[in-house]
Each structure stands twice: as structure tokens, then as C-alpha cells.
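In case you want the letters, here they are:
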Amino acid sequence: MGGEPTSGAAGAPPAAAPGPGGTPKAVGIVWALLGLNTLGSAGAKTVVPLPRSLIQMATMGALVAAFALALALNPRLRIRASAFLFLLTLLLVPSVIASVQPDVGFGALFRCTRLAVFVGTLWLLSHWWDGGLTFVRYHIRMYFAVLVLVAAGLVVAPGTAMPEYYGGRLVGALWPLTPPQIGQYAAIVIGLAVLLVLGRRTTAGSAAVVVVPSLVLLAMTHTRTATLGLLIGLVLAIGSLVLTSAAARRFFAWAVLCATVAAVAFSSALRAWFLRGQSQENFANLTGRAKVWDALLAEPRSTGEKVFGTGLGDKSFDGLPIDNSWLAVYDEQGLIGVVVVAALVVVIGGVALLRPPSLPRACAIFLISYCAISSYTEVGLGDASAYLLHLALAASLLVAPAPPAQLPVAEIPRRRIPRWARR
């Protein structure tokens, strides 16, 4: 997914003093600010009502601060060539073309600018993408901090954190987060932490501190997509380690055994949790999503709207959420956007399959498979979102490490031998 670092100035030194792992500690702050930007401004009702304008100011301010700090850390613009980032940049083309139409509105251009700054920040951070696990730790810490905030809201105001209008599912009581968002963050934290344990990059005790509360929060969200994405993603990721890791083989065997026993012993409880009290008909049409999808596809469109879309929006159709990344991209960025996003997923997935077995590769496979599964009932692949941040992390794990720089060897001066001695 990447090659040698390139720079606007040849032979320029690194922009900032690296930490113990070779990456400046401030890079973790940039990553956390990107995560804050993707939390969104719409969701559940909070204990203290937060004006949406204030939340948008905080999230957009985080993105601007992330870009400014990344530029300060990398003023020479040293970047790594990346097919992932190239395709992500190419996605800006249909976004801008559709958003500059006079009847679209200022909001679409604002979202295009946000996406451009988001992608630009990732380009600046690519200088430190080396196929290591540094950004995985940033990712876990960032989203676990969000989960701690959710747990604090549950303790402070249980009624607000599990409201009736969401069917008693867990929401963010201190920051407006929906159950699918919380489920997504919990699933990503659990999956990455489990893989770090299998790769012996952390202790079981340290991982349990993160995994156990995240599992509890995931169960309280009743989020089926996140649960399936976690299970399938871990199966694929651990399967990629089975041939090279004894720990992965043992974990896989025990997981299959426990899952079989649980499926037999708690089948009725699992079925009830999965249905969430819905009827078979409501479950079959994906809680009404299928009706929105059919209406979106049946909507008459001009040739320009089919090719370039209608401009970046709030991922809704006739006031109802689309809840499908591919249809949202088709609606907002047209067929060109769908092709670019599909190429992005296929390329990064193909690179992951071609890499030799390793822990970074397993983490990348988990993230890619999770995003691919979630794209069926969640949006985000075509705009600045947590899903693009997950895929960016996967891309950073698939970068081939740069070969160590060879120091120039000083030429040893040859001793002059007199002519008579040579004879």
C-alpha cells in the first residue's frame, strides 16, 4: 500500500523528533482529533442539552487542529505513496462536481471541504506509516476513551443512557452517540485488543481491562451489525494467523467450542436478543431500511445525477436515513463514487491477502472485513467518518517498511608505494 517516503524537498530531515517507536507522540494527538471529528453532531438526547452548533464547532475545530498539527509535525510534506490515499483523493472529484451545482446548497461544499481536509491530514500522517502497530494503539486508546465517556453517562443518568425511544438500547448520555456508533467503537476495540493478545504485544490482564467493559457496552447497544462484524472479522483475522501462531490456533479452537456450546444452551436467549422484540416482517425488511432503499433506487435522476450524484449531504433520503454506504455513495457521489469506493476496498483487501502472515496483516484484515460487512447497514465509506479512519489504519498496517538507510562508507586512503618497492 505504500512505497518510499517522498518529500517536497529532497534529502530533508524529519520534521519532528521521533519518540521511542520512531513516531512523534503528537501524532497520536492528531489521530485522536480525527476521531473526535468523526463522532458527529446528531444522536441521542444528552443529560445536559448540547446545541448542535456547539458540537459542530468542536468537531470541525478538531479537524482543523488535526491538520494544523500534522502540518507542523511534517512541514517538509514528506509523504508515502499510497494507492489507498490516491483513491480517497480521487473520490473528491465527483464530490466537488456534484456539490458545486447552484441548487445543491452551501452545506455540500462545506462537507467537501471537510473531506478534503480529512484526506489531507491522512496524507501528512502517511509519513509515519511503516506497517507497525503504533497507530493500532492510538486507535484503541481513542475509542476506549469514548466508551469510558459512554459508561460515565450510564452511571450518571441511566434513564437518559437507555431511553425508550431507542427501545432501551444504550446511547451516549454525555455526548450524543447512537447505539450503532457505540457498538461500532466497542467492536473495533475488542477485535484489535484480542489480536494484540494473540500476537503477544500486550498482556491478557491489560487486554481484559479493555475487552470486558467493551463487551458489556456492546451487548447493551443490541447492535447486530457490530456484533456480526466483530465475529466474522475476528474469524477471518485469526484464520490468517492459524498457520503461523500456536496461540491463534488454541484461541480459535476454544472460541469454536464455546460458540457451539452457547448456541445450543442459549439459543432462545440469543434469538430474542438478535430480534430485539421485532416481528419477522420488520426484521426481514431490515427495520424499514429496504423501503428507503427501494424508493431511492426508483427516484428519477438525470444523467449527471446518476454519474456524479447530488452532492454530499446528511446521508438521508426524503428525511429518512439511508443506512447503506453503497446507496449513500450512489445518491451523493454517483456511479463514479461507487466505482472509486469499490476500487478502494478491493485494492486494500487485495494487498492484505498478498501480504505474508503477520499480526499487522491480521489487524488489517479484521478492519477491512468489519467495514465491508457494516457497509450494508451503515453509511460512511464516501465521507469523512470512522469507517474511513478504520480503513486508513488498515492501510497504515499494510505499508511495506522502508529499508534502513545505508550510511556512506568512508573510503580508506591508499598508501602510496614507492616505485622501487613495487619492483
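Heads up: the structure comes first, above all this text.
About the cut-offs
Residues numbered from 1 in each chain as written. Predicted model: local features only at pLDDT ≥ 70, side-chain atom pairs only at ≥ 80, totals over all residues. Heavy atoms only, no water. Helix = DSSP H or I, 4+ residues; strand = E, 2+ residues; numbered from the N terminus. Phe/Tyr/Trp six-rings, centres within 6.5 Å; stacked < 30°, edge-to-face > 60°. Buried < 20%, exposed > 50% of the residue type's maximum accessible area, 1.4 Å probe, protein only. Lys NZ or Arg CZ within 6 Å of the ring centre and 35° of its normal. Contact = heavy atoms within 4.5 Å.

Before going further, it helps to spend a moment on unusual backbone geometry. A positive phi angle, near 60 degrees, is found at Leu 77, a position not held by glycine. Note on placement: Leu 77 falls in the loop between helix H2 (52-73) and strand S2 (79-80).

We now examine the packing of aromatic side chains. By the definition in use, this model includes seven aromatic pairs. When the ring of Phe 106 is compared with that of Phe 110, the centres are 6.5 Å apart and the planes differ by 40 degrees; the resulting orientation is tilted. Here the residue Phe 106 and the residue Phe 110 both occupy positions in helix H5 (residues 106-125), the gap between them amounting to four residues, near one helical turn. A centroid spacing of 5.5 Å and a plane angle of 80 degrees characterise the contact between Phe 135 and Tyr 138, whose relative ring orientation is edge-to-face. Placement of the pair is Phe 135 and Tyr 138 together in helix H6 (residues 134-156), with a separation of three residues, close to one helical turn. By relative accessible area, Tyr 138 is classed as buried at 13%. Taken together, the ring pairs in this structure connect Trp 31, Phe 135 and Tyr 138 into an aromatic cluster. When the ring centre of Tyr 165 is taken as origin, the NZ or CZ atom of Lys 45, which lies over that ring, is 5.7 Å away.

Take the side chain of Asp 331 next. Checked against the element boundaries, Asp 331 lands in helix H16 (residues 325-354). Residue contacts for Asp 331: discarding those within four places in its chain leaves Leu 296, Arg 301, Gly 309, Thr 310, Ser 316 and Ile 322.

So, to be careful, I would describe these as geometric facts and stop short of saying anything about function.
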